[in-house]
Amino acid sequence: VVAIAKIAEKGDQHAIELEKSACDDRSWIVRKAATDSLAKTATLNDLASVRKLARMLEDFDPLPRMAAIYGLAELCGVGHRKAIRLAEARLEHRDPGTRQA
């Protein structure tokens, strides 16, 4: 999954679909890598990818959750209201690593 973000062009829909699929892997390390990769490959106007990253904020493992919040920040940039609301909701999370992110 890490290689996809290194070789795919930004906005490559095939790569994005592979990354979104890997976000559902049973291994947390693959889900984390897929979340990182998706944030690099997706574009801001790709609402399906933004939604996928938002769903990753609810992952049962803290590292994919942290990757998702950083990924949303990277993908959405400054001033994106939905990303701000999603980040704000994480401040109440039970996991300190997720709140810290």
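Residues numbered from 1 in each chain as written. Predicted model: local features only at pLDDT ≥ 70, side-chain atom pairs only at ≥ 80, totals over all residues. Heavy atoms only, no water.

### Some remarks on the confidence of the model for the protein chain
Of the residues in the protein chain, 87% have a pLDDT of 70 or more, and the chain-wide mean is 86. Highest mean pLDDT in the protein chain belongs to helix H2 (residues 13-22) (97); lowest belongs to helix H7 (residues 96-100) (65). (pLDDT = per-residue confidence, 0-100. Helix = DSSP H or I, 4+ residues; strand = E, 2+ residues; numbered from the N terminus.)

### Observations concerning the nonpolar core
If you look at the biggest cluster of nonpolar residues, it comprises 18 residues, and the most contacted ones within it are Leu38, Leu53, Leu57 and Leu72. Listed by contribution, the elements that provide at least two residues to this core are H2, helix H3 (28-41), helix H4 (47-56) and helix H5 (62-76). Setting aside its immediate chain neighbours within four residues, Leu53 contacts Thr35, Leu38, Ala39, Ala68, Gly71, Leu72 and Leu75. (Core = buried A, V, L, I, M, F, W, Y, C linked by side-chain atoms within 4.5 Å. Buried < 20%, exposed > 50% of the residue type's maximum accessible area, 1.4 Å probe, protein only. Contact = heavy atoms within 4.5 Å.)

### Points about the pattern of salt bridges
Counting across every chain of the model gives four salt bridges. Here Asp59 and Arg31 are joined by a salt bridge, their closest N and O atoms 2.7 Å apart. Taken as a pair, Asp59 in the loop between H4 and H5 and Arg31 in helix H3 lie far apart in primary sequence, 28 residues in all. A single burial state applies to Asp59 and to Arg31, both of which are buried. (Salt bridge = Lys/Arg side-chain N within 4 Å of Asp/Glu carboxyl O.)

### Focus on a positive patch on the surface
A surface patch of positive charge is lined by Arg51, Arg55, Arg81, Lys82 and Arg85. Listed by contribution, the elements that provide at least two residues to the positive patch are H4 and helix H6 (81-90). No other element matches the three residues that H6 contributes to the positive patch. Along the chain, the position of Lys82 falls in helix H6. (Patch = residues over 30% accessible without salt bridge, like charges linked within 9 Å, V, L, I, M, F, W, Y side chains within 5 Å. Areas by Shrake-Rupley, 256 points an atom, 1.4 Å probe, with all protein chains shown as cover. Lys, Arg positive; Asp, Glu negative; His and termini not counted. Charge placed at Lys NZ, Arg CZ, Asp CG, Glu CD.)

### Things to note about the environment of Lys52
Structurally, Lys52 is set in helix H4. For Lys52, a relative accessible area of 8% corresponds to the buried category. With 31 residues separating them along the chain, Lys52 and Ser21 place their C-alpha atoms 9.8 Å apart. Contact partners of Lys52, with chain neighbours within four places excluded, come to Lys20, Cys23, Asp24 and Leu38.

### Focus on the packing of H4 against H5
Where H4 meets H5, the closest approach of the two axes is 8 Å, and the angle between their N-to-C directions is 150 degrees. Overall, the two elements H4 and H5 adopt an arrangement that is roughly antiparallel. Here H4 and H5 pass one another in a crossing that is left-handed. Listed contacts from H5 to Val50, Leu53, Ala54 and Met56 of H4 are Pro64, Arg65, Ala68, Gly71, Leu72, Leu75 and Cys76. Counted by class, the contact of H4 with H5 contains nine nonpolar, one polar and one charged residues. (Axes fitted to C-alpha atoms, helices over the stretch in contact; angles between N-to-C directions. Parallel < 35°, antiparallel > 145°, perpendicular 65-115°, else oblique. Left-handed = near helix turned anticlockwise from the far one by under 90°. Nonpolar A, V, L, I, M, F, W, Y, C, P; charged D, E, K, R; others polar.)

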